[in-house]
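What the coordinates show
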Amino acid sequence: MPTYQIKVNGESKSVDVSADTPVLWVLRDHLDLVGTKYGCGIGQCGACTIHVDGTAMRSCSMTLEQLNGKSITTIEGLSEDGTHPVQEAWKEVDVPQCGYCQAGQIMTASAFLEKNSNPSEEDIKNAMHGNICRCASYNRIYKAVEKAAEQMS
Amino acid sequence: MRTSSLAGGGMLIGFNLFQACKPKAIPPVDLSKLTYTDFNAFIKIAANGAVTIFSPNPEIGQGVKTAMPMLIAEELEVAWNNVFVEQGILDTNNYTRQVAGGSQSIRHGWEPLRQTGATARQMLVNAAAARWGVDASECSVSEGVITNAAGDTLGYGDVVNEAATLEVPEDVKLKDPKDFKIIGQDAQNVDIDKITTGKPLFGLDYKKEGMVYASVLRPPAFGQKLISYDDTEAKGMPGVINIIKIGEKVQKLFEEDASFASKISSSDKVVVIAESTWQAMKAKEAIKAEWENDILMESTANHDQMLTGFLDGTQFETRRKDGDVKKAFSEADMVLERTYESPFLPHNCMEPMNFFADVTDEKVHLVGPIQTPAWKAGLIAKLLGREEDDILLEMTRMGGGFGRRLYGDFVLEAAEISDAIRKPVKVVYSREDDMAVGVYRPAIKYRIKASVKDGQLTGYHLKEAAINDNMYGLIPNFFPAGAVENYQVDTKSYKSNITTGAWRAPYTNFLAYAEQSFFDELAEVMEVDKVQMRLDLLKKVDAEADESIEYSPERMIKVIETAVEKSGWGTQPKGVHQGFVNYYCHNTHVSEVADVVIENGSPVVKKITCVVDCGIVVNPLGALNQIEGGVIDGVGHSMYGDFGFDAGMPTATNFDRYRLIRMKEAPKVEVHLIQNELAPTGLGEPTLPPAGGAVANALKAATGKRIYQQPFVKNPELLKVPEELIIG
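Residues numbered from 1 in each chain as written. Chains lettered and ligands numbered in written order. Predicted model: local features only at pLDDT ≥ 70, side-chain atom pairs only at ≥ 80, totals over all residues.

1. Focus on the overall build of chain B
Regarding its fold elements, chain B presents 18 helices and 28 strands. Over its C-alpha atoms chain B spans a radius of gyration of 28 Å, differing by no more than 12% from the 27 Å that the globule rule assigns to 728 residues. C-alpha extents for chain B along the principal axes are approximately 80 × 70 × 50 Å. Here chain B holds 728 residues, and the buried ones make up 54% of them. Pairs at least 24 apart in sequence give 79% of the contacts found in chain B among residues at least 6 apart. (Helix = DSSP H or I, 4+ residues; strand = E, 2+ residues; numbered from the N terminus. Rg over C-alpha atoms; globule rule 2.2 N^0.38 Å. Buried ≥ 20, exposed ≤ 12 C-beta atoms within 10 Å, placed from the backbone. Contact = placed C-beta atoms within 7 Å.)

2. Quick notes on the overall build of chain A
Across its full length, chain A carries six helices and five strands. The order of helices and strands in chain A, counted from the N terminus, is β-β-α-β-β-α-β-α-α-α-α. By the compact-globule yardstick of 15 Å for 153 residues, chain A fits well, its C-alpha radius of gyration being 15 Å. Dimensions along the principal axes, computed over C-alpha positions, put chain A at roughly 45 × 30 × 25 Å. Looking at chain A alone, contacts between residues at least 24 apart form 60% of all its contacts between residues at least 6 apart.

3. Some points on the interface of chain B and chain A
Between chain B and chain A, the residue contacts involve 49 residues of the former and 45 residues of the latter. Put simply, the parts of the chain that give the side of chain B that touches chain A at least two residues each are α4 (192-197), α8 (277-285), α17 (620-640) and β28 (668-673) of chain B. Of all the elements, α17 of chain B adds the most residues to the side of chain B that touches chain A, at seven residues. A breakdown of the residues in the side of chain B that touches chain A according to their chemical character gives 20 nonpolar, 16 polar and 13 charged. (Nonpolar A, V, L, I, M, F, W, Y, C, P; charged D, E, K, R; others polar.)

4. Details of the domain arrangement of chain B
Residue and element names in this part refer to chain B. When its domains are assigned, chain B resolves into domain 1 (2-196), domain 2 (203-295 + 353-428) and domain 3 (502-725). The centre of domain 1, based on its C-alpha atoms, is set 39 Å off from the matching centre of domain 3. Across the contact, 20 residues belong to domain 1 and 20 residues belong to domain 3. Looking at the side of domain 1 that touches domain 3, the elements with two or more residues in it are α1 (64-76) and α2 (105-132). Taken together, the residues of the side of domain 1 that touches domain 3 sort by class into eight nonpolar, 10 polar and two charged. (Domains from an automatic or database assignment.)

5. A few points about helix α3 (residues 85-93) of chain A
The set of residues buried in α3 of chain A consists of P85, V86, Q87, A89, W90 and V93 of chain A. Residues of α3 of chain A that are buried sit in contact with α4 (102-115) and α6 (138-152) of chain A together with α4 of chain B. Two residues or fewer after α3 of chain A comes D94 of chain A, characterised by a positive phi angle close to 60°.

6. What to know about the sheet that holds strand β6 (residues 140-142) of chain B
Residue and element names in this part refer to chain B. The strand order across the open sheet built from three strands is β6-β7-β8, with neighbouring strands paired in antiparallel fashion. A single partner strand is all that each edge strand has here, and the edge strands are β6 and β8 (153-155). Ignoring strand direction, the axes of neighbouring strands in this sheet form an average angle of 25°. Here three bridges tie β6 to strand β7 (residues 145-147), and the two strands are oriented antiparallel to one another. In the strand pairing of β7, S142 is matched with V145. (Pairing = 2+ DSSP bridges. Axes fitted to C-alpha atoms, helices over the stretch in contact; angles between N-to-C directions.)

7. Thoughts on the environment of K178 of chain B
Within the secondary structure, K178 of chain B sits in the loop between α3 (156-163) and α4. Residues K178 of chain B and M398 of chain B lie 220 residues apart in sequence; the distance between their C-alpha atoms is 34 Å.

8. Quick notes on the nonpolar core
All names here are of chain B. Among the nonpolar cores identified, the biggest contains 253 residues, and L124, L366 and A415 are the most heavily contacted of them. Take this core: its biggest share by element is nine residues, from helix α18 (residues 688-703). Among residues more than four places away in sequence, those in contact with L124 are I146, Y156, V159, V160 and A163. (Core = buried A, V, L, I, M, F, W, Y, C linked by C-beta atoms within 7 Å.)

9. A word on the sheet that holds strand β17 (residues 364-368) of chain B
Residues and elements named next belong to chain B. Read from one edge to the other, the open sheet built from seven strands follows the order β11-β12-β9-β19-β16-β17-β18, with strand pairing classed as mixed. The strands lining the two open edges of the sheet, one partner per strand, are β11 (240-246) and β18 (391-395). Mean inter-strand twist for the sheet, computed between neighbouring axes without regard to direction, equals 20°. Both β11 and strand β12 (residues 269-274) contribute to a ladder of six bridges, which runs antiparallel. In the strand pairing of β12, I243 is matched with V272. Along the sheet face, helix α12 (residues 409-421) touches β9 (212-217), β11, β12, β16 (354-359), β17 and β19 (425-428) and points at about 35° away from the line of β16.

10. Describing helix α14 (residues 511-526) of chain B
Owing to its 3.6 residues per turn, the α-helix brings residues three or four apart onto one side. Residue and element names in this part refer to chain B. Taking 1.5 Å of rise per residue, the 16 residues of α14 would be expected to cover 22 Å, and the 22 Å separating its terminal C-alpha atoms lies within 8% of that figure. Among the 16 residues in α14, 12 count as buried, and that is most of the element. Turning to α14, its buried residues number three or more, namely L511, A512, Y513, A514, E515, Q516, S517, F518, F519, D520, E521 and L522. A positive phi of about 55° marks E527, the residue just after α14. (Expected span 1.5 Å × (residues − 1).)

11. Description of the domain arrangement of chain A
All names here are of chain A. Here chain A is described as being made up of domain 1 (3-77) and domain 2 (85-152). For domain 1 versus domain 2, the separation of C-alpha centres amounts to 21 Å. Only β3 (49-52) and β4 (55-58) provide two or more residues apiece to the side of domain 1 that touches domain 2. Here the side of domain 1 that touches domain 2 is composed, by residue class, of six nonpolar, eight polar and one charged.

12. Overview of the environment of G82 of chain A
Position of G82 of chain A among the secondary structure elements: in the loop between β5 (71-73) and α3. Among residues more than four places away in sequence, those in contact with G82 of chain A are Q87 of chain A together with D193, T196 and T197 of chain B.

As structure tokens, then:
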């Protein structure tokens, strides 16, 4: 199996996996970063969202080769102590029910707000539309993104 | 450590004993710095006053891991901010009803959990009083500090040693609700920090030294059984450790214990065991299996015909019969009859099914997401021929349950695999496995017929035709039972080889839409006010005279009147189309009003006003989350949830072909809670069933068309707004 050098949450890592292994499973099974969740495996639900050079991507649908040296940030590396404005907003609004999808929601929201810190209602809804929350905590996700935007603008 | 049994509840309180004493209870931030010894009950108190409360019931997102410890902390008289919460393990000696289901955790925990806290508090006070040589009645407690008449103080940590040696009082007094300090206050989800930073919490996150991963090949269609398989290619794939066949043990168990019969689970299955999840999943795809078909491979088209045939027929089981509906229909001025149809629904928990098992000669270690741990532990003991004492079952936080994790077929698989390979193993379902090997909400059809005479509802006849049984029980006694003189509920079901079971708010998740749509239409043909008709019917109910009537007409009327006021029912500007419903299930009274507006020529569900009477609200912050989620889940599945079978094969196996509600489709939910001091009831389910009815009724108001089939998007024509109804 090939050896890959990747940069995750600011650290360089070396992993031996077959070329077709999705980044999701590299993170979860090989690097013990289980905050990134498996939901569908086909890029439909957003539970596996990570940042690749700051852009929100579906880790279930990309391989290490496709990363091509780019840096990964996972929920574990979004902030040192869980105080990224999006994480703070999520806590303040008390968004989660089961909580399983929320890492993906937070990663989508944080990448989006980096690029658009003064979003309209429509902007927020469009940005978050790709992430399924089966518990349907959508009202609170919306509220938390709005709150985080105030902090980040 | 010491545990003591409580009279009645059969519950225990454990104290961890420490030598040092400090006067004021300020727990450390880092729990790991305290060396707690083993425990087996609800409460641990350290010498420095730190309090840890164990939440007994499984957490599926319904919030009991926060709310149940709040009940204990309230009576224990400690500051909520100083309480650490941990998930209890399965412990049938010390806990009762460790189940997540039926919205019952808070209702059943209300008395015993407060008793547990109050008993502990009294023992701590008695210990302090004894040390001071005063009567316990002279002492008061606040935030874990006991004060006597002279003003001396002792922290809980100071007296926990002595307290644990005292007799357990059996007559402790519970607080008056007006004195509550924790119950009724907003409390954040106790796992919020771990959730927002991605710490391991869920079954899928669990790891143990030496653990391997298993991916299971099950029959792709209901009605199939494994004949043979070729694993030559799969065996040579990277990371593959072993490929085995399982099923024998489960089949033998089903012969002994039919309560868990499930045909798909009882077929032989092929298991790939690999070093990683991905390797196991990939190698499974490389197995070439041959399947044998049952004589009949079922399809939705056949089900449809069959269920309609049942409704047209006369062979029913009568569940309730008041008066004589036939006579009422024959004497009526007017009769209305309508039929409502629903598809199967998969649960689609975001965390796919998974479970960890490590079977050794010494013990059976099970870890993972399960709503019914005690039931599963018992089955595993039978499956493996072990003593129940050999089984250690730890519940993880669950990425959703919705009823799917009541069944635990995946626990049996994990145990059978680990027993065969004698390694710690985690079974992981792919999303495709999860959706295709379901225990679905059954497809159902309802036909409702009502008669009107002299402006009064004189007869009501509900017929149900369902795939498998639809968990009958309470339906016959729900509204409008008790309000109509001639009332009958009949059911008939088809025994299918497709597995069905409880799906969030079983037996009402579709019924509420059917009935509430029917009432709406009935009011239209009777030319009476839709809300007034419901109120008039409720006023006829004498719930005291009829013990089978579980709902309270008074509470329902209050909920309805509040919904009218809060939603602006009847006073909305042109262009806002409203639909009204009220419902009772899972011991909670609910009324919902949907607001639909027309945007770009299409109806859009903008807002749902939801009024709930669940008695005392333990944690308003969590309660609102449940209510909002339940309503949107109800809207989503009514609008989009579509699932069927073609020759036993599911019509969808992932989210590309199965539509769940998303952000842009989610209405704003405005919640109003009825304030009272009645014992609390659950919120995990009761707001879901009526939501579909509220939307259907609002859509009728907006489009002029009534929808008799779920999902609503199935017939796009019905969602078109006629030109003349579009207001510019």
